[in-house]
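Single-letter residue listing:
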Amino acid sequence: MNIYKNKLLSILIIFCICNIRSFVLCQNELGKINLNFNFSVGTSIPAFSQGFLSEYTSVLGGKKEDFNNYSSFAASLSAQWIEFLKFSLQVSANRFTLQDKFSKETYPTSGTWRNFSEDMSVSDVPILLFVDLVHFYNKYKVYVGGALGGSFSMMKWSEIVDSPLNNDIRVGGTIINKNSLFFAIGLHSGISLDFDKESVPSFVKGLFFETNILFVDRYFDVFEKLRNQILPVANELNENKFMIPITVGFQLGIMLNLESKQINRVFGN
């Protein structure tokens, strides 16, 4: 699975580099402010998430090595009044889960085993301000850009422990129930295609395909509530860890025109 993710990340980086080359010699003039509302669906894949999961597998005995990903959604409002620059405010929603069941010996050579059932979920709502470089080619254009912002994350981790020991300190329960805002950085690259004006309603502008990388500084004391259930405590459990810091995403969306006469009038266009 990690090899598959690394290949996807390599393809994304190559895709961005190729698009950067296309921004030279852009000569079109917009002459007005273009406002678009964009909506897209796709998926985001966790990448380089071993910071937390390496301790989960090596110390706690977990079997799963990665989170499951689901469909993701994004909506953005973009404005462009300079021929090669576009500004966008984007809100997206992603969800990741991990369910796991495993057994681990209570202590070496004891011959007694605890059974564990784990249920983790991370719901992410990144809010990012993008600045894109854009190059026009007749009906289609390519763009690449970066963003700063924050991501509101809702994280839950529940654990059920079936133990043969009486009064076992390893009782499980709610390990994480945390809602926090984390700093986020985004990069994306895409291609958009405008429809013929005669073939669609005037408010429908076109389609776009986009790839992106998102870093969320989701770095905190993941094992805080587990340390009093584990004796002796491994050093790895005393440190802050990243939880799904980097995701690679793919989105397919539609662009809608927004009425901007009043705004254009302010700028004299």
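In the block above lies the structure referred to throughout.
For clarity, every value in this text was computed on a predicted model and none was experimentally measured.

### So, the packing of aromatic side chains
- Under the criterion given, the structure shown has twelve aromatic pairs.
- Ring geometry for Phe 52 and Trp 157: centres 5.8 Å apart, planes at 75°, overall edge-to-face. Pair noted here: Phe 52 is in helix H2 (residues 50-58) and Trp 157 is in strand E6 (residues 140-162), with a separation of 105 residues, a long-range link. Accessibility assignment for this pair places Phe 52 and Trp 157 in one class, buried.
- Centroid distance Phe 215 to Phe 242: 6.1 Å. Interplanar angle 65°. Geometry classified as edge-to-face. Linking Phe 215 in strand E8 (residues 204-216) with Phe 242 in strand E10 (residues 241-242), this pair joins segments that are 27 residues apart in sequence.
- Taken together through their ring pairs, the aromatic side chains of Phe 52, Tyr 56, Phe 67, Phe 102, Phe 116, Trp 157 and Phe 223 make up a single cluster.
- Over the face of the ring belonging to Tyr 143 we find Lys 86, whose NZ or CZ atom lies 4.2 Å from the ring centre.
- Arg 95 extends its terminal NZ or CZ atom over the ring of Tyr 70, reaching a point 5.3 Å from the ring centre.

### Re the side chain of Ser 40
- Along the chain, the position of Ser 40 falls in strand E1 (residues 34-47).
- Overall, the relative accessible area of 5% leaves Ser 40 in the buried class.
- Of the polar contacts made by the side chain of Ser 40, one reaches the side chain of Gln 251; its length is 2.9 Å.

### Concerning the nonpolar core
- Of all hydrophobic cores here, the largest spans 32 residues; its most connected members are Phe 52, Tyr 56, Leu 60, Phe 67, Trp 157 and Met 243.
- At the level of elements, H2, strand E4 (85-105), strand E5 (113-137), E6, strand E7 (172-194) and E8 are the ones that each hand at least two residues to this core.
- Sorting elements by how many residues they give to this core places E5 first, with five residues.
- Sequence-distant contacts of Phe 52, defined by excluding residues within four places in its chain, comprise Phe 67, Met 120, Trp 157, Val 222, Phe 223, Lys 241, Phe 242 and Met 243.

### Describing the side chain of Asp 168
- With respect to the helices and strands, Asp 168 occurs in the loop between E6 and E7.
- A distance of 2.7 Å separates polar atoms of two side chains, one belonging to Asp 168 and the other to Arg 114.
- A polar atom in the side chain of Asp 168 sits 3.0 Å from the backbone nitrogen of Arg 170.
- Here Asp 168 is in contact with Arg 114 and Ser 163, once residues within four sequence places are set aside.

### Let's talk about the pattern of salt bridges
- A complete count under the given rule lists eight salt bridges for this structure.
- The salt bridge partner of Asp 168 is Arg 114, with a shortest N-O separation of 2.7 Å. Note that Asp 168 is positioned in the loop between E6 and E7 and Arg 114 in strand E5, a separation of 54 residues in sequence.
- Relative accessible area serves as the criterion here: at 13%, Asp 168 is assigned to the buried category.
- According to the relative accessible area criterion, Arg 114 is buried, its value standing at 13%.
- A salt bridge links Asp 124 to Arg 218; the shortest N-O distance between them is 2.8 Å. In this pair, Asp 124 sits in strand E5 while Arg 218 sits in the loop between E8 and strand E9 (219-220), placing the two residues 94 residues apart along the sequence. The pair Asp 124 / Arg 218 is uniform in exposure class, with both members buried.
- Through salt bridges with shared partners, a single network forms among Glu 55, Glu 239 and Lys 241.

### Examining the pairing of strand E11 (residues 246-257)
- Alignment of E1 against E11, held across twelve bridges, turns out to be antiparallel. What sits directly across from Thr 43, in E11, is Phe 250.
- The pairing of E8 with E11 spans eleven bridges and is antiparallel. Across the sheet, residue Val 204 finds its bridge partner in E11, namely Leu 256.

### Focus on unusual backbone geometry
- Cis geometry marks the peptide bond from Leu 231 to Pro 232, where omega comes out at -10°.
- In this fold, Pro 232 is placed in the loop between E9 and E10.
- The phi dihedral of Thr 109 is positive, around 65°, even though this residue is not glycine.
- Structurally, Thr 109 is set in the loop between E4 and E5.
- Not every positive phi belongs to a glycine, and Ile 244 is a case in point at roughly 45°.
- Mapped onto the elements of the fold, Ile 244 is located in the loop between E10 and E11.

About the criteria used
Residues numbered from 1 in each chain as written. Predicted model: local features only at pLDDT ≥ 70, side-chain atom pairs only at ≥ 80, totals over all residues. Heavy atoms only, no water. Phe/Tyr/Trp six-rings, centres within 6.5 Å; stacked < 30°, edge-to-face > 60°. Helix = DSSP H or I, 4+ residues; strand = E, 2+ residues; numbered from the N terminus. Buried < 20%, exposed > 50% of the residue type's maximum accessible area, 1.4 Å probe, protein only. Lys NZ or Arg CZ within 6 Å of the ring centre and 35° of its normal. Polar contact = N/O pair within 3.5 Å; in protein donor to acceptor, adjacent residues only side chain to side chain. Core = buried A, V, L, I, M, F, W, Y, C linked by side-chain atoms within 4.5 Å. Contact = heavy atoms within 4.5 Å. Salt bridge = Lys/Arg side-chain N within 4 Å of Asp/Glu carboxyl O. Pairing = 2+ DSSP bridges.

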